[in-house]
Amino acid sequence: MSSNIRGSSSNPKSFNKPILCGVLILGLALTAFQHFPSGDILNQGSDGKSSMRPGSLIRSTKVLKDAVKTSSTIPEFDSAGLPFTKSIPEDKNYDVCIVGAGLSGSVIAERYASVLGKSSIVMDIRTHIGGNCYDFREPLSGIMMNLYGAHLFHTNLDRVYKYITKWQDKAPWRRYDHEVVGWLKKKLLPIPVNINTVNGLFDSSIQTSEEMDEWLKSVQIPCEKADACKDAEEMAMSRVGKDLFDMVFKTYTKKQWDKEPKELDALVTARIPVRNNYDPRYFADKYQLLPEKGYSKWFAQVLDHPKIDVVLGVDYFKVKKSLEGRCGKTIFTGPIDGYFANSGLGKLEYRSINFEADILENKGFYQTHSVVNYPGPEVDFTRIVEYKHYFHQKSDYTITVKEYSTDKGDPYYPVPNPKNHELYKKYQDLAKKEEEEHNVYFVGRLASYKYFNMDAAIDNVLNMFNEIEGHPKQPDIEDGKAQGDEKASTLSDSV
């Protein structure tokens, strides 16, 4: 990796080094932070040199900080050039009314339009398309970034790959192999765990896959029941042993979920791979890509069809009554407990993320990789993302985003434990009744109370479209052959 990393370190203790002064001198305080008529600010560094921090940088940083903190677009609305309206047309009926302009809503709208020639309206309470995949160019730096955390597309599913690359002429995808490191024992080491991770943590000298397999076997602690680990802690230790569990999984899991690993389903740690080789990539899927012009531009192509109307900034529940009798069927992609908020069943539990963004004057990079994870207790954030790394974007600035897991804010991750599973089953019963009586279908991650990677979300939508409409022919993405044994990846593409 490039070594031109200026004024920064991946050591969390260096982020906010205190300036130790024997005596506080008023004159020093005045010269260290002076405002100028232009709005620029003079900063005096620890080396005694002064540098001008332009007012434009101060203003742009504040705008970006507010945007990521409040999950708001920098312009009032952002449809990536796609025509849209801000209210429901009063004089139109639709074959399908779709709630949510993210992956599930956009893909199913496109299928209804392209395959069956049916009309739809896609509405979203947010002021942009693309759901949590939404990205944009920060105006000052020109850097393409996500508003809701980095999203890296990966899949083994040929049908999904064919689908996303249908618009290669206008919204092309390019290969991108994602690598992540973690700050472990004051070292940057590969995540997921591989041979280099183990050697770096334990001063071992493993060289081959066979030696790595032997090492893992020597530290693994079998689950109490051979055929089923009872929780995330048992699962992790059955795969990596106690020491590696303590260093990599234990505190990170607590920070991510605000629960001890013993309180979570085994699937939480079962999803994370452990490599017996030197492969530094985060994913091992056949297809690993990023949209060259950004996700938002790709969504604009998906939704760009004369049979699709897009409405942004509209709360479905406030216009639901006005749509009665105007929708042949309804596809709901939002939180299922939100749809049945009046049922009295209570809320399902989700984890969310607080984002803390910063813009820095730096022609190089702030950190060695696009994502640096912090599994340990030294800091309370889970990772830092530097978007400039993606496709090695050129800019005089760089953007970093720290991520803090929280239980408040937009729902991102369903919390997998028995209590939530039981509650979701009750909502499933309500959903089945709503489908039978009112032709409402619940599709997608939030509606299914299940974490879907992007490829799994698309695959799920294509399956639901087939199920609802009786498997119409789709020669653009299917070749008539059986789908085979390929499965969507279980390793999160947004973590």
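Just above sits the structure.
Below, the structure is looked at part by part. Note that the coordinates shown come from a computational prediction; the quantities given were computed from them, not determined experimentally. (Residues numbered from 1 in each chain as written. Predicted model: local features only at pLDDT ≥ 70, side-chain atom pairs only at ≥ 80, totals over all residues. Heavy atoms only, no water.)

1. A closer look at helix α3 (residues 103–116)
Between its first and last C-alpha, α3 extends 19 Å over 14 residues, near the 20 Å set by a 1.5 Å rise per residue. The element α3 is extensively covered by neighbouring structure, given that eleven of its 14 residues are classed as buried. Taken from the residues just after α3, Gly117 is the one with a positive phi, measuring 65 degrees. (Helix = DSSP H or I, 4+ residues; strand = E, 2+ residues; numbered from the N terminus. Expected span 1.5 Å × (residues − 1). Buried < 20%, exposed > 50% of the residue type's maximum accessible area, 1.4 Å probe, protein only.)

2. Notes on the sheet that holds strand β14 (residues 327–332)
Strands sit in the order β13-β5-β4-β14-β20 across an open sheet of five strands; the sheet is parallel. The outermost strands of the open sheet, each flanked by one partner alone, are β13 (308–312) and β20 (440–442). Each adjacent strand pair in this sheet contributes to an overall mean axis angle of 20 degrees, direction not counted. Bridge count for strand β4 (residues 94–99) against β14 is five bridges, and the pairing is parallel. Among the inter-strand pairings, Ile98 is bridged to a residue of β14, identified as Ile331. Strands β4, β5 (120–124), β13 and β14 of the sheet are contacted by α3, whose axis makes an angle of about 170 degrees with β4. (Pairing = 2+ DSSP bridges. Axes fitted to C-alpha atoms, helices over the stretch in contact; angles between N-to-C directions. Contact = heavy atoms within 4.5 Å.)

3. Considerations on the sheet that holds strand β12 (residues 287–291)
With antiparallel pairing, the three strands of this open sheet are ordered in space as β8-β12-β9. Edge strands, defined here as strands with exactly one partner in the open sheet, are β8 (153–155) and β9 (173–175). Taking each pair of neighbouring strands and ignoring which way they run, the sheet shows an average axis angle of 35 degrees.

4. Considering the packing of aromatic side chains
For the coordinates displayed, the defined rule picks out 35 aromatic pairs. Each ring, one from Tyr176 and one from Tyr390, has its centre 5.5 Å from the other, and the planes form 70 degrees; the classification is edge-to-face. With Tyr176 in the loop between β9 and β10 (180–184) and Tyr390 in the loop between β17 (383–386) and β18 (397–406), the pair connects residues that are 214 residues apart, well separated along the chain. Both residues of the pair, Tyr176 and Tyr390, count as buried. (Phe/Tyr/Trp six-rings, centres within 6.5 Å; stacked < 30°, edge-to-face > 60°.)

5. Observations regarding helix α7 (residues 232–257)
For α7, with 26 residues, the first-to-last C-alpha span of 12 Å runs short of the 38 Å given by 1.5 Å per residue. A bend of about 115 degrees at Gly241 is the largest found in α7. The N-terminus of α7 is capped by Asp231, whose side-chain oxygen sits 3.1 Å from the backbone nitrogen of Glu233. Looking one or two residues past α7, Asp258 carries a phi angle of roughly 55 degrees, positive in sign. (Bend = angle between axes of the 7 residues up to and from the residue. Polar contact = N/O pair within 3.5 Å; in protein donor to acceptor, adjacent residues only side chain to side chain.)

6. Some words on the pairing of strand β11 (residues 187–191)
In this sheet, β11 lies alongside β10 in antiparallel orientation, the contact comprising five bridges. From the neighbouring strand, Gly182 faces β11, where its bridge partner is Leu189. Connecting β10 to the antiparallel partner β11 that follows it, the hairpin turn spans two residues, and Lys185 within it adopts a positive phi of roughly 50 degrees.

7. Brief notes about the side chain of Asp124
Structurally, Asp124 can be placed in strand β5. Here Asp124 is buried and forms no salt bridge, its nearest opposite-charge partner Arg126 lying at an N-O distance of 5.2 Å. Apart from the residues lying within four places of it in its own chain, the contact partners of Asp124 are Gly100, Ala101, Gly102, Val311, Leu312, Gly313 and Val314. (Lys, Arg positive; Asp, Glu negative; His and termini not counted. Salt bridge = Lys/Arg side-chain N within 4 Å of Asp/Glu carboxyl O.)

8. A word on the state of the cysteines
Counted by the stated rule, this structure contains two disulfides. The disulfide that involves Cys97 links it to Cys327, with 1.9 Å between the sulfurs. Taking the sign of the S-S torsion, about -80 degrees here, the bridge from Cys97 to Cys327 comes out left-handed. Taken together, the residues Cys97 in strand β4 and Cys327 in strand β14 connect sequence positions 230 residues apart. The side chain of Cys223 participates in a disulfide bridge whose partner is Cys229; the two sulfur atoms lie 1.9 Å from each other. A torsion of 75 degrees about the S-S bond marks the disulfide between Cys223 and Cys229 as right-handed. Comparing Cys223 with Cys229 shows no difference in burial state: the two are buried. With its disulfide-bonded cysteines labelled consecutively along the sequence, the protein chain is connected as 1-4, 2-3. (Disulfide = S-S within 2.5 Å.)

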